[in-house]
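Report on the structure
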Amino acid sequence: MNSLIRLLRILVMLSGGVIMALALLLFFAWLLFPTDFVRHLPEKALSRVLPQWQWQIGSVHYGWPLALRLEQVEARSPGRGAEPVEALFIDSLTFWPDLFLYMREQEWRGTFAAELAGGALHGNGALQTDNNRQELVVSASFDAVNLTALGWLAQVLERQVQGRLSGTVDARLALQSLAPADLQASLQVADGTLPLRNPVLEHERLPFTKLSLQLEQKGQSLFVKNGILDSPLCTGEFAGVVELVRPVATSVVSVRGAIQAQPELFAHVRDQKELQALRLQAAQGPLLVMLSGTMHDPALAFEREALPFNPPLSPNQE
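Residues numbered from 1 in each chain as written. Predicted model: local features only at pLDDT ≥ 70, side-chain atom pairs only at ≥ 80, totals over all residues. Heavy atoms only, no water.

**What to know about the overall build of the chain**
The number of helices and strands found in the chain is 6 helices and 14 strands. Counting the 318 residues in the chain, one finds 35% classified as buried. Here the contacts in the chain between residues at least 6 apart in sequence split such that 46% fall between residues at least 24 apart. In the structure as shown, the chain presents an accessible area of about 19400 Å², 61% of it carried by carbon and sulfur atoms. (Helix = DSSP H or I, 4+ residues; strand = E, 2+ residues; numbered from the N terminus. Buried < 20%, exposed > 50% of the residue type's maximum accessible area, 1.4 Å probe, protein only. Contact = heavy atoms within 4.5 Å. Areas by Shrake-Rupley, 256 points an atom, 1.4 Å probe, with all protein chains shown as cover.)

**Some words on the pairing of strand E12 (residues 252-261)**
Sheet topology note: the strand E11 (residues 234-243)/E12 ladder contains 10 bridges and is antiparallel. By the bridge assignment, Ala-239 is partnered in E12 with Arg-256. Where E12 meets strand E13 (residues 287-293), 5 bridges bridge the pair, whose relative direction is antiparallel. Looking at E13, one finds that Gly-257 is bridged to Val-289. (Pairing = 2+ DSSP bridges.)

**Some remarks on the nonpolar core**
Among the nonpolar cores identified, the biggest contains 45 residues, and Leu-201 and Leu-215 are the most heavily contacted of them. By residue number, the principal contributor to this core is strand E8 (residues 180-200), which donates 5 residues. Those residues in contact with Leu-201 that lie beyond four places of it in its chain are Leu-265, Phe-266, His-268, Val-269, Leu-275, Leu-278 and Phe-302. Ile-57, Val-60, Ile-90 and Leu-116 belong to the second-largest nonpolar core, a separate cluster that totals 10 residues. (Core = buried A, V, L, I, M, F, W, Y, C linked by side-chain atoms within 4.5 Å.)

**A few points about unusual backbone geometry**
Of note, the phi angle at Ala-117 is positive, near 50 degrees, even though the residue is not glycine. Take Ala-117: its relative accessible area is 16%, and that puts it in the buried class. Positive phi, close to 55 degrees, is recorded for Asn-226, a residue that is not glycine. Assessed through its relative accessible area of 51%, Asn-226 is described here as exposed.

**Regarding the pattern of salt bridges**
Under the counting rule described, the total for this entry stands at 3 salt bridges. Of the charged contacts, one joins Arg-69 and Glu-71 as a salt bridge, the two residues approaching to 2.9 Å between their closest N and O atoms. Put simply, Lys-225 and Glu-216 hold a salt bridge, and the shortest N to O gap is 2.8 Å. Judged by its relative accessible area of 16%, Lys-225 is buried. (Salt bridge = Lys/Arg side-chain N within 4 Å of Asp/Glu carboxyl O.)

**Section: the confidence of the model for the chain**
Overall, the predicted model of the chain reaches an average pLDDT of 77, with 69% of residues at or above 70. Across residues 1-32, where pLDDT falls below 50, the model places 3 contacts with residues more than four positions away in sequence or in other chains. (pLDDT = per-residue confidence, 0-100.)

**What about the environment of Ala-126?**
Relative to the assigned elements, Ala-126 resides in strand E5 (residues 119-130). Ala-126 sits 13 residues away from Ser-139 along the chain, and the two C-alpha atoms are 9.3 Å apart.

**Considerations on helix H6 (residues 276-284)**
Among all positions in H6, only Leu-278, Gln-281 and Ala-282 are buried. Seen from one end, H6 has its buried residues packed into an arc of 100 degrees, which puts them on one side. Residues of H6 that are exposed and point more than 90 degrees away from the buried face comprise Leu-280, Ala-283 and Gln-284. Packed against the buried residues of H6 are E12, E13 and strand E14 (298-303). (Arc of directions from axis to C-beta.)

Shown next, in the form of structure tokens:
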């Protein structure tokens with residue numbers, strides 16, 4: 001019995017020594033982490049995975065436990081025209097890879113968190129291969145992202161959209177193009193402004209306190225569902241579909257809605273004869289509107305006939 005106790009003491013001491021050695025090893029690995037040397041390694045890795053983007057990383061830090069933190073990340077696309085697309089800037093991006101899963105099944109999976117445009121984003125992702133096709137499966141939530149700080153969005157739409165974006169998204173993306181093969185999202189924008197390319201009732205901007213909607217993509221069709229607008233000009237609901245093409249700004253929009261006009265909607269319009277019927281209809285109930293054209297150049301029109309507002313059905317609702 002004494003020999004057994006003595007053996008257990010030796011094992012405890014040895015295990016304690018091993019743990020201490022590992023702790024010291026990890027501490028000095030973190031202390032001596034050669035950030036200048038490895039700063040370009042993530043850039044090269046990202047360039048191999050996503051060669052259509054040019055990557056630049058300001059600094060790299062090792063985090064505890066088993067985390068890699070990238071700061072001042074810049075992703076730039078050359079674009080399709082002579083003028084390059086404005087870069088996407090991420091203040092910080094932290095990865096927590098599931099190394100044990102990779103060692104067991106050789107599958108890359110992990111969680112991530114990012115700070116960008118004054119907001120926060122976190123979620124999880126996995127790299128999957130199906131029929132020799134690599135896909136990135138992502139589930140994420142984001143909060144208070146400042147749309148004004150997204151320069152690439154203003155460049156694509158040629159308008160400066162304002163507001164704070166929050167929501168969730170689940171997507172399956174083709175790795176080489178990042179084109180979504182399947183997407184579901186729930187989005188909310190608070191305290192925003194949408195510039196109107198063609199003035200509506202002499203309003204050049206649509207201010208709103210709340211804009212929310214759900215998106216569901218099937219193939220090249222992006223269904224817009226459960227849209228809600230709360231604006232000083234009007235309140236209402238909308239739904240429809242966007243037929244996606246490249247470039248995205250030329251995608252065809254077909255969205256219908258029913259709005260309840262507020263007095264401010266007609267504040268800048270003279271009492272023209274052709275608007276009398278519209279004013280009368282607004283006083284009696286909701287106005288039906290139709291948004292058509294493209295994302296780059298949409299057109300908004302009031303529907304004169306009192307047709308019921310029947311939102312289009314997504315494939316899951318048919």
